[in-house]
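Single-letter residue listing:
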Number of protein chains: 2
Amino acid sequence: MSGHFAKPIVQLIRELSRFPGIGEKTATRLAFHILKSPREEALSLANSIIAVKEQIKLCSVCYHITDIDPCAICRDSHRERDIICVVEGPQDVASIEKTGEFKGRYHVLHGVLSPMDGVGPDDLRIDSLVKRVVDGDVKEVIVATNPKVEGETTALYIARLLKPFDVKVTRLAQGLPMGGELEYFDEATISKALEGRRVI
Amino acid sequence: MSGHFAKPIVQLIRELSRFPGIGEKTATRLAFHILKSPREEALSLANSIIAVKEQIKLCSVCYHITDIDPCAICRDSHRERDIICVVEGPQDVASIEKTGEFKGRYHVLHGVLSPMDGVGPDDLRIDSLVKRVVDGDVKEVIVATNPKVEGETTALYIARLLKPFDVKVTRLAQGLPMGGELEYFDEATISKALEGRRVI
């Protein structure tokens, strides 16, 4: 379809199609939106893309994405220093921050152990986590990797690695998510919920 | 969610959320894709956005979008001059070109008559269509506006406007689309299909 447009449009559609989950149809729709939008709006988008590539780096302490190093969370003296929440990626930091329940600091692994995909401990920010635990006065490490096989494996690996040190390693509770109905949850979720049942 | 990221990311997510059909979640996913993608790829996307805004204009003959005026179709001497297909937008040109069945030229209205939205004949490229018919040796005008109320109204309006001139005004056939099953088509489509039934 895009072959019938002028070159700059075809090029833009091709670039937009590279996004995960964006097919040629959606890319065409987005390209036409850019074409119709005010000039300043389109240039502002282009500049934001450039700004992200030029200004975003990883925090040298926790490896969260940031434009200022250390990141806002690591710089915040009100955040507890003795509790670290370990997550797979920067988006997980945002998800946990959104709850407003966690007052400690983070450590972003940038992935999970996955031998199938050739991801080993050296590909993740695990060494630096151990260093933070050894160097600092860390009392608890919450391993908030995703409740999947790789996330579980990574959590167990980290727990074993931190065993020699005087630190509690915990994992987020597993069970039924809020909302929804029992009949739609899978057996694994219901098993975990049974296993972790609590007296009310 | 995006409030917990560094400013350049928040800004990019905000810009991406402006796209029709792109919510904050998808915008976040796209922003992270840009963040992770190679620098050249991201800069190339930014440049494509700028190029589209700076190089794309409307063809002075048919009002299709183009980077060279007149557009490739209007410049093509192999295309028939005496048949014009009238469409609502540039994407419709691409849809018809894709069939490879149409060898004439186009006229892009850039909208349809819609009193509800305050769109009247002066807001569309209708005057210039009449001028093309009057000036040129046009034998047929196919009004390929969408098979909706506004598209039908626009088609009737154009047909009436061109009545004084020696030109045949036609409309795309209506009926069942290819594929699918009868039980899933709406009554209006089935009515049109019955009305337009043909001897086999």
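Above this note sits the structure.
Residues numbered from 1 in each chain as written. Chains lettered and ligands numbered in written order. Predicted model: local features only at pLDDT ≥ 70, side-chain atom pairs only at ≥ 80, totals over all residues. Heavy atoms only, no water.

### Thoughts on the interface of chain A and chain B
One frequently used descriptor of interface size is the decrease in accessible area upon assembly of the parts.
1) Next: Contacts between the two partners involve 52 residues from chain A and, on the opposite side, 52 residues from chain B.
2) Next: Around 4,900 Å² of area is buried between chain A and chain B when both sides are counted, 72% of it from carbon and sulfur atoms.
3) Next: When the area that chain A buries against chain B is broken down by residue, the three leading residues are Phe19, Ile49 and Lys53 of chain A, summing to 13%.
4) Next: At the surface where chain A touches chain B, the tally comes to 4 salt bridges.
5) Next: A salt bridge links arginine 18 of chain B to glutamate 41 of chain A; its shortest N-O distance comes to 3.9 Å. (Contact = heavy atoms within 4.5 Å. Buried area = accessible area lost by both parts, 1.4 Å probe. Salt bridge = Lys/Arg side-chain N within 4 Å of Asp/Glu carboxyl O.)

### Focus on helix α1 (residues 7–17) of chain A
1) Next: Residues Pro8, Ile9, Val10, Leu12, Ile13, Glu15 and Leu16 of chain A constitute the buried set of α1 of chain A.
2) Next: Lining the buried residues of α1 of chain A we find α2 (24–36) of chain A together with α3 (39–55) and β2 (65–66) of chain B. (Buried < 20%, exposed > 50% of the residue type's maximum accessible area, 1.4 Å probe, protein only. Helix = DSSP H or I, 4+ residues; strand = E, 2+ residues; numbered from the N terminus.)

### Section: the packing of aromatic side chains
All names here are of chain A.
1) Next: The final tally for this structure, using the stated rule, is 4 aromatic pairs over all chains.
2) Next: Consider the rings of phenylalanine 5 and phenylalanine 32, whose centres lie 5.0 Å apart with planes at 65°: the pair is edge-to-face. Taken together, the positions of phenylalanine 5 in the segment before α1 and phenylalanine 32 in helix α2 put the pair 27 residues apart, joining distant regions of the chain. Of the two residues, phenylalanine 5 and phenylalanine 32, both sit in the buried class. (Phe/Tyr/Trp six-rings, centres within 6.5 Å; stacked < 30°, edge-to-face > 60°.)

### So, the packing of helix α3 (residues 39–55) of chain A against α3 of chain B
1) Next: Relative orientation of the contacting elements α3 of chain A and α3 of chain B amounts to 170°, with a least axis distance of 9 Å. By the angle between their axes, α3 of chain A is roughly antiparallel relative to α3 of chain B. Along its contact with α3 of chain A, which presents Arg39, Ala42, Leu43, Leu45, Ala46, Ile49, Ile50, Lys53 and Glu54 of chain A, the element α3 of chain B presents Arg39, Ala42, Leu43, Leu45, Ala46, Ile49, Ile50, Lys53 and Glu54 of chain B.
2) Next: A breakdown of the residues in the contact of α3 of chain A with α3 of chain B according to their chemical character gives 12 nonpolar, no polar and 6 charged. (Axes fitted to C-alpha atoms, helices over the stretch in contact; angles between N-to-C directions. Parallel < 35°, antiparallel > 145°, perpendicular 65-115°, else oblique. Nonpolar A, V, L, I, M, F, W, Y, C, P; charged D, E, K, R; others polar.)

### Thoughts on the sheet that holds strand β3 (residues 83–87) of chain A
Where strands meet in a sheet, backbone hydrogen bonds hold them as pairs that are either parallel or antiparallel.
Residue and element names in this part refer to chain A.
1) Next: Spatially, the 4 strands line up as an open sheet ordered β4-β3-β5-β6, and their pairing is parallel. Taken across any chain shown, the strands that pair with only one partner, and hence form the sheet edges, are β4 (105–108) and β6 (168–171). Each strand of the sheet is rotated relative to its neighbour by a mean of 25°, with strand direction disregarded.
2) Next: Those strands touched by helix α7 (residues 149–162) are β3, β5 (140–143) and β6, and its axis lies near 170° from that of β6. (Pairing = 2+ DSSP bridges.)

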